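Here is how the chains run, residue by residue.
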Amino acid sequence: MKTITISGFEASSETLADKQLAQSLYDEGAVIMADVLLVLHGAAHRARRGLELRVFRRDFSRYYEQVVFPATLAQTIAPYEQQGHADLMELGYAVTLNLTADFAGIDRPRRDADETESLRRVVMVFSEGATLVHSTRDRNAVREEVRAALAEFDTLFYQPSLARRRVLLARFAAREIGENELPRDVLTVLLQNEDRVELSPDLMMREIAFYLQAGSHSTANATTHAFHDVTSWCAAHPADAARIATDRLFLQRCVHESLRLHPASPVAWRRPVCPVSLVGGEQAESSDRVVVDLAAANRDTSVFGPDAGDFNPHRGLPEGIAPWGLTFGVGVHTCLGRDLDGGLLPRANTDPATHQYGIVPLLVAALLDRQARPDPLKPALRADHTERPNWGSYPILLQAPSARCA
Ligand code: HEM
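Fair warning: this is a prediction, and the values are worked out from it, not measured in the lab.

Summing up its helical and strand segments, the chain has 15 helices and 11 strands in all. Relative to the compact-globule value of 22 Å for 406 residues, the chain shows a C-alpha radius of gyration of 21 Å, a close match. The C-alpha extent of the chain, read off along each of the three principal axes, is 60 × 60 × 50 Å. Within the chain, the proportion of its 406 residues that are buried is 54%. Considering only residue pairs separated by 6 or more positions, the chain has 72% of its internal contacts joining residues 24 or more positions apart. As presented, the chain carries roughly 18,000 Å² of accessible surface, and 53% of it is formed by carbon and sulfur atoms.

When only protein atoms are considered, the iron atom of the ligand has one donor, Cys335 (SG), at a distance of 2.3 Å. Inspection of the secondary structure puts Cys335 in the loop between helix H13 (301-304) and helix H14 (338-342).

Residue position: Thr76 is located in helix H4 (residues 58-83). Owing to a relative accessible area of 10%, Thr76 belongs among the buried residues under this scheme. Among the polar contacts listed, one links the side chain of Thr76 to the backbone oxygen of Thr72, at a separation of 2.6 Å. Setting aside residues up to four positions removed in sequence, Thr76 forms contacts with Leu91, Ala94, Val95 and Asn98.

What follows deals with the pairing of strand S7 (residues 289-293). Note that strand S1 (residues 3-6) and S7 share four bridges and pair parallel. When the sheet's bridge partners are listed, Ile6 is paired in S7 with Val292. In this structure, strand S4 (residues 267-272) lies alongside S7, joined through four bridges in antiparallel fashion. Across the sheet, Ala268 pairs through a bridge with Val292, a residue of S7.

This part covers helix H15 (residues 359-369). Within H15, nine of the 11 residues are buried, leaving the element largely enclosed by the surrounding structure. Of the positions making up H15, those classed as buried are Ile359, Val360, Pro361, Leu362, Leu363, Val364, Ala365, Ala366 and Leu367. Downstream of H15 by a residue or two, Gln371 has a phi angle that is positive, lying close to 55°.

Turning next to the nonpolar core. With 84 residues, the main nonpolar core has Met33, Leu119, Phe126, Phe153, Tyr158 and Ile208 as its most contacted residues. For Leu119, the contacting residues outside a window of four places in its chain are Leu97, Ala101, Arg108, Phe153, Phe157 and Leu212. Counting residues in hydrophobic clusters, the runner-up holds 18 residues, among them Val230, Ile244, Phe311 and Val360.

So, about the sheet that holds strand S2 (residues 21-23). One open sheet accounts for four strands, arranged S1-S7-S4-S2; its pairing is mixed. Each edge of the open sheet carries a strand with a single partner, namely S1 and S2. In this sheet, neighbouring strand axes are inclined to one another by 35° on average, regardless of whether the strands run parallel or antiparallel. Of the strands in this sheet, S1, S2, S4 and S7 are in contact with helix H1 (residues 9-16), which crosses S7 at around 130°.

If you trace the three strands from one edge of the open sheet to the other, you get S3-S11-S8, paired in antiparallel fashion. A strand with exactly one partner marks an edge of an open sheet, and here the two such strands are strand S3 (85-87) and strand S8 (373-374). Relative to strand S11 (residues 395-397), S3 runs antiparallel, the two being bridged by three bridges. Residue pairing in the sheet places Ala86 in a bridge with Ile396 of S11. Across the sheet, helix H5 (residues 88-104) is in contact with S3 and S11; its angle to S3 comes to roughly 80°.

Let us now look at the site of the ligand. Close contacts around the ligand come from 27 residues, with His45, Arg49, Arg270, His333 and Cys335 the closest. Residue Gln23 places a side-chain N or O atom 2.8 Å away from an oxygen atom belonging to the ligand. At 2.7 Å from an oxygen atom of the ligand is found a side-chain nitrogen or oxygen belonging to His45. Residue assignment for the shell around the ligand shows that the elements contributing at least two residues are helix H3 (42-52) and helix H9 (201-236). The element that contributes the greatest number of residues to the shell around the ligand is H9, accounting for seven residues. Within the shell around the ligand, the residues separate by chemical class into 13 nonpolar, 11 polar and three charged.

This part takes up the packing of H9 against helix H11 (residues 248-261). Running from amino to carboxyl end, H9 crosses H11 at an angle of 115°, the nearest separation of the two axes being 9 Å. In terms of orientation, H9 lies roughly perpendicular with respect to H11. Where H9 crosses over H11, the handedness of that crossing is right-handed. Here Ala222, His225, Ala226, Asp229 and Val230 of H9 come into contact with H11, specifically with Leu251, Cys254, Val255, Ser258 and Leu259. When the residues that make up the contact of H9 with H11 are grouped by side-chain class, the tally is seven nonpolar, two polar and one charged.

Cut-off values and rules
- Residues numbered from 1 in each chain as written.
- Predicted model: local features only at pLDDT ≥ 70, side-chain atom pairs only at ≥ 80, totals over all residues.
- Heavy atoms only, no water.
- Helix = DSSP H or I, 4+ residues; strand = E, 2+ residues; numbered from the N terminus.
- Rg over C-alpha atoms; globule rule 2.2 N^0.38 Å.
- Buried < 20%, exposed > 50% of the residue type's maximum accessible area, 1.4 Å probe, protein only.
- Contact = heavy atoms within 4.5 Å.
- Areas by Shrake-Rupley, 256 points an atom, 1.4 Å probe, with all protein chains shown as cover.
- Donors = N, O, S within 2.8 Å, 3.2 Å for Na, K, Ca; no water.
- Polar contact = N/O pair within 3.5 Å; in protein donor to acceptor, adjacent residues only side chain to side chain.
- Pairing = 2+ DSSP bridges.
- Core = buried A, V, L, I, M, F, W, Y, C linked by side-chain atoms within 4.5 Å.
- Axes fitted to C-alpha atoms, helices over the stretch in contact; angles between N-to-C directions.
- Near = heavy atom within 4 Å.
- Nonpolar A, V, L, I, M, F, W, Y, C, P; charged D, E, K, R; others polar.
- Parallel < 35°, antiparallel > 145°, perpendicular 65-115°, else oblique.
- Left-handed = near helix turned anticlockwise from the far one by under 90°.

Keep in mind that these numbers describe shape and distance, not what the molecule does.
Rendered as structure tokens:
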């Protein structure tokens, strides 16, 4: 088996779009990831993605951003405001977990801090399992932890959520309730189409667990990276700091720049489904591994300029290049949460009052509105359980809006 690494921006985009290359980054994390959407290929992937896409229609992302997010944020951030400090990784997880749980179809009937904490604990274990390929820990020990977390999730969260949806679907079938009274989430869509996609009970539970971890892990990491990049930039560029406080479109541009520099996974792995000729002519066999170096592609100086490795929200972008580069992927596995998290790209006639900014820019804006700043007495630490360049803890100080000076 040989490993072929692709790192230029154009070559990486084309490689990700090649339909003869299948996902292979998550083979090591099969304990949770086996047969979930992200690892499927061909017709099976098309069928399941087509169904689950129904939850991600644009009007729904907008509804989430404008209605669900402000309420979830206010509820989740209140205890941190009161105590005046937070670990941003923990806070980011708590906010995004509640949002992704709604998307995935996991009920939290109590909606209190203990319940969020139980869910956060199991989802953090799922994330470690999914990214096992980059783990620095004993892999079998992590697998055992994932099995235990899945069992706990099944009993505490999944079975009650499943039962409630089955009752609602039965009432819908009996015409006792209308379609608009059904939850709009991945679990409901899968249950409504059980005859169209083959999913064992265990796989359906892991598919939902995958959504929870895919949504919250990447969002919490992206938020912390963006907060760090934006506050560091503001410290060195006071004029931009003033602009960021009032110009939400510019803040969104800053977050997109940060997303480019910190893809959720620094690499994508693919396995040829048959012998293929790669971009550039190299031949790859079914036993080979094709590594797309997303982090390098996103810093390609021929596309993003000579300072491509730096954070610079004023950089010019070539026509047709997304400001976040390849961070949300390209091709059949393109991230389903892209618009939800990154928002829409502004156009010349965009109205800032109604624009869809995305959850990550809005979370960073909410932190800045609360005067959030890195805690000078507790330096942030890099995560040591993974080779991924993520933050492990990021202590911040923040104020409740009412505690601020006028
Ligand atoms: C900043 C946050 C996020 C980043 C950087 C991110 C990144 C990615 C990337 C790179 C992929 C493709 C992986 C590959 O091609 O190998 C992906 C797939 C996916 N993402 Fe995200 N993601 C984020 C947030 C979310 C959220 C919030 C959700 C759900 C609510 C989500 C759901 C998914 C799903 C379901 C897939 C699989 C799509 C498929 O295989 O067809 N992601 N994401």
